[in-house]
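What the coordinates show
Residue strings, one per chain:
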Amino acid sequence: MEASFDDKAKEALAALFEQFWIVRDADPERYQLVREREHVLKRYIEEKFGYRLIVHRHFAKLEKIPAEPEPWMGIPSFQEPLDYALFCCLMAYVESKAVEEKFLLSDVCEEIRTMYPGDVPVDWTNYSQRRALIRVLKAAEQIGLIRRMDGEIEAFAQHADEEALYEVPVLARYFMRTYPKDLLQYTSIDELLAEEWKASPQDYRRHRLYRKLFLSPAVHRTEGDEQDFYYLRNFRQRLREDIESHTPFRYELYKNVAMLTIPERQAPYTLFPDLKGTSDIILHFAAVVRERLASFPPDEYGRLWLTPAQFSEWLADTKHRYEAGWGKTHREASLAELAREVLAELKAWRMADADSETGMVVLYPLLGRLCGRYPDDFQAKEREP
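Just so it is clear, the model here is predicted, and its values are computed rather than measured.

Concerning the packing of helix α8 (residues 204-215) against helix α10 (residues 236-246)
It is at 13 Å that the axes of α8 and α10 come closest, and there the two elements cross at 55°. When the axes of α8 and α10 are compared, the pair comes out oblique. Of the two elements, α8 crosses α10, and the hand of that crossing is right-handed. Taking contact as the criterion, the partners of Tyr210, Leu213 and Phe214 in α8 are, on α10, Leu239, Asp242 and Ile243. For the contact of α8 with α10, a count of residues per class yields 5 nonpolar, no polar and 1 charged.

Here you go:
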């Protein structure tokens, strides 16, 4: 008898969303969990998200193609476009190797030098380019695309002639996703993403909104997606029942924003606020924003538009009132440094953005869902001489 979508299926679904893939040798318990609930998971995932769940004898992988790409969806350790270009070259090199075939770092360097598509060729005597390749090799090793057998890759940063030995694991064969036609035939990222909806165009909106709800901190109402919010409002009850019966999330819908929340912190989810000091600062900043709504009314989509100077001034007020409880690094940071860090974190969580045309800082409705203040006795102690 086929298992129902029970707590084990919920746990397996969470692991599939939070991990790039679940490798059998590294995580046998979770792999077995997915294996046991494979059929109910596949049915639910395909119906709601339009995703493909691959259960291989070595791994399980949910191909989480986003409805819209976001900055946090890249490889966290990569710092510049060169990293991604080198990563693609590395993958092309690995593709030419057999499983378990060994190769040397010097071979990779030579091949990348040959295939690199940039106008200026890579130069391994350049320290920053060697550091970029180190980041790429470490990321590939962490994901499981290459396996280091010998040598210390950090030594390559000091000497271009340092050597290391790698092996091609079986996972390297399943990293790249297959598309109906050659990738070079797509002319833009939008065209590539549009390929997702061709398989079942009648389910386009449901799949798109489920992907946005589960992969983004929030779905905001904007000028171009009124129909999305009509769907979210019209099917509110059905969405709530479905999401809350298959996951630990709660579905929240307001006039201008929809989101998934969770009542209590649970592993393995990535949640806000986290343990970083910027989370505290954002909660305090949200409290200051809330106090100023009377004099700065939001637009019809719930957004606040601030000049960079206004954003800095509001953040300065936040710092003045709340910094007593912040960590030393943030207390001693200059206002410009603090503004850069906080705005970057706000962008990552879809609470704000910088308008590319006007340069203004846009605060989104999700920020209005949050607020953080110190207990009354904390503030009283601060006033004591």
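That was the structure; now back to the text.
Remarks on the pairing of strand β3 (residues 59-62)
Of the two faces of β3, the one carrying Phe59 and Lys61 and the one carrying Ala60 and Leu62 are both buried. Sheet topology places strand β1 (residues 22-23) next to β3; 2 bridges connect them, and they run antiparallel. Paired with Val23 across the bridge in β3 is Phe59. Both strand β2 (residues 53-55) and β3 contribute to a ladder of 3 bridges, which runs antiparallel. The partner of Ile54 across the bridge, within β3, is Lys61.

Structural notes on the confidence of the model for the protein chain
Averaged over every residue, the pLDDT of the protein chain is 91; the share at 70 or more is 97%. When the elements of the protein chain are averaged for pLDDT, helix α15 (residues 376-383) gives the smallest value, 65, and strand β12 (residues 361-363) the largest, 97.

Section: the packing of helix α1 (residues 7-18) against helix α2 (residues 28-36)
Interhelical geometry of α1 versus α2 gives an angle of 120° and a closest axis separation of 9 Å. With respect to α2, the element α1 is oriented oblique. Seen along the crossing, α1 lies across α2 with a hand that is left-handed. Mapping the contact onto sequence places Lys8, Glu11, Ala12, Ala15 and Leu16 in α1 and Arg30, Leu33, Val34 and Glu36 in α2.

As for the side chain of Lys48
Tracing the backbone through its elements, the reader meets Lys48 in helix α3 (residues 38-49). Separated by 3.4 Å, the side chains of Lys48 and Glu47 make a polar contact. Ignoring any residue separated from it by four or fewer positions in sequence, one finds Lys48 in contact with Arg206, His207, Tyr210 and Asp242.

A look at the nonpolar core
Ranked by size, the top nonpolar core spans 43 residues in total, and within it Leu16, Leu41, Leu213, Phe214, Leu232 and Tyr251 carry the most contacts. For this core, the leading source of residues is α1, giving 7 residues. Core analysis: the next-biggest nonpolar cluster, separate from the first, contains 38 residues, Met91, Val108, Val122 and Tyr166 among them.

Some points on the sheet that holds strand β7 (residues 219-220)
One open sheet holds the 3 strands; their spatial order is β7-β9-β8, and the pairing between them is antiparallel. Where the open sheet ends on each side, the last strands, each with one partner, are β7 and β8 (250-253). With 2 bridges joining them, β7 and strand β9 (residues 257-261) adopt antiparallel strand pairing. Residue pairing for β9: Val219 is matched across the bridge by Ala258. Against the sheet, α8 makes contact with β7, β8 and β9, and its axis sits at roughly 60° relative to β9, the strand it touches most.

Calculation notes
- Residues numbered from 1 in each chain as written.
- Predicted model: local features only at pLDDT ≥ 70, side-chain atom pairs only at ≥ 80, totals over all residues.
- Heavy atoms only, no water.
- Axes fitted to C-alpha atoms, helices over the stretch in contact; angles between N-to-C directions.
- Helix = DSSP H or I, 4+ residues; strand = E, 2+ residues; numbered from the N terminus.
- Parallel < 35°, antiparallel > 145°, perpendicular 65-115°, else oblique.
- Left-handed = near helix turned anticlockwise from the far one by under 90°.
- Contact = heavy atoms within 4.5 Å.
- Nonpolar A, V, L, I, M, F, W, Y, C, P; charged D, E, K, R; others polar.
- Buried < 20%, exposed > 50% of the residue type's maximum accessible area, 1.4 Å probe, protein only.
- Pairing = 2+ DSSP bridges.
- pLDDT = per-residue confidence, 0-100.
- Polar contact = N/O pair within 3.5 Å; in protein donor to acceptor, adjacent residues only side chain to side chain.
- Core = buried A, V, L, I, M, F, W, Y, C linked by side-chain atoms within 4.5 Å.

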